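# Observations on the model geometry
Spelled out from the first residue to the last, the chains are:
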Amino acid sequence: MISQGRNIKIFTGNSNPELAEEVAKILGVPVGKAQVGTFSDGEISVNILETVRGADVFVVQSTCSPVNNNLMELLIMIDAFKRASAGRITAVIPYYGYARQDRKAKSRDPITAKLVADILTSAGANRVLTMDLHAAQIQGYFNIPVDHLLGAPILSKYFLEKGLGDRDDVVVVSPDLGSVTRARNFAEKLHAPIAIIDKRRPKANVSEIMNIIGEVKGKVCILIDDMIDTAGTIANAANALKDLGAKNVYACCTHGVLSGPAFERINDSAIEELVMLNTISLPKDKDLRKTKALSVAPLLADAINRIYDDEPLSKLFEGL
């Protein structure tokens, strides 16, 4: 797949090596040799075991849990490549952590999404490739190019293949007011109407269902969000839809953070299946009977190839 003369290198930290290997396999190149571990006191230790001089380096690393370790791995790897005279360094961040604090919602709030953007740039990243940022305006926090891929086409294709397109009994549901645009775009692909859940959030990671706008009785409902963390919102939404007469309830998201009691809540809820992308690897020790992960490797590989060949990424969005 790779045709240019200059070298391309795909490296990975410890957050999602399986995804990096899948991307490298599609591109027809090996994963770069590197040792990423810790010293005895917990400091991150990075050793790059092959030359990167003049190379186009792509570092695949989601900043998911353990967030601070994975972020520091990414920063230190970027610094190592910069000091080793890499030609261009692209941080491939399928899941961009610290994105939820993207503005000052109240007095004395930090804006961590901007802070991380500044740190990545200072470390030496020349470009960022990411997916479904928690807020699209985070792209503007960077002073370097940001390529923002969307997960909805992969998710919608899955539900179309399940036969849920062009049906009168399917409705796409936004779990909150902030996800209405995402739900509308997703619904257009399935040719389905939307419903909106109006909720009040008394404090972080706690949500209370208040009202449902739209017709859900007797419908197959598909909840869509950019990320699911503790699953309180999505589980409460699914149960509320079922209580109001929904026939089936599916849920989907790009980023399955799934921390704390998330798996228990999902398995105990009215959700029949939770579909997500593998921007974050699923834990092996959890009950995954209701979860399904779809691969983003083909999309990332296509984007990396276009960046490497200096081709436009706009082609990836045509027809979406």
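Values in this document were obtained by computation on a predicted structure and should not be read as measured data. (Residues numbered from 1 in each chain as written. Predicted model: local features only at pLDDT ≥ 70, side-chain atom pairs only at ≥ 80, totals over all residues. Heavy atoms only, no water.)

## Describing the UniProt feature "binding site: ATP" (unreviewed entry) in the protein chain
Selection criterion: UniProt positions are given in the numbering used here, feature names are shortened, and annotations may be inferred rather than shown by experiment. Numbering of helices and strands runs from the N terminus, with a helix taken as a DSSP run of H or I at least four residues long and a strand as a DSSP run of E at least two residues long. Remark: exposure states derive from per-residue accessible area (1.4 Å probe, protein chains only) relative to the maximum for the residue type, with buried under 20%, exposed over 50%, and partly exposed in between.
In the UniProt entry, the feature "binding site: ATP" (unreviewed entry) is given for D41, G42, E43, R100 and Q101. In terms of the greatest pairwise C-alpha distance, the residues named above, spread along 61 residues, do not form a single cluster, extending to 29.6 Å across. Here G42 lies in the loop between β2 (34-38) and β3 (44-48). Residue G42 is classed as partly exposed on the basis of its relative accessible area of 40%. Along the chain, R100 falls in the loop between β5 (88-93) and α3 (112-123). Look at R100 and you get partly exposed, because its relative accessible area is 41%.

## Examining the state of the cysteines
Applied cut-off: When the sulfur atoms of two cysteines come within 2.5 Å, that pair is taken as a disulfide.
Summed over all chains, the structure comprises zero disulfides. Here C64 stays unpaired: no disulfide links it, and the sulfur of C253, its closest cysteine neighbor, is 13 Å away. Here C253 stays free of any disulfide, with the sulfur of C252 as its closest cysteine sulfur at 7.3 Å. By relative accessible area, which is 0% here, C253 ends up buried.

## As for unusual backbone geometry
Omega for the peptide link from S65 to P66 comes to -5 degrees, which places this bond in the cis form. For P66, the position within the fold is in the loop between β4 (56-60) and α2 (67-83). In this structure, D166 is a non-glycine residue whose phi angle is positive, near 55 degrees. Not every positive phi belongs to a glycine, and D310 is a case in point at roughly 60 degrees. The residue D310 is located in the segment after α8 (297-308) in this model. The class of D310 is exposed, set by a relative accessible area of 56%.

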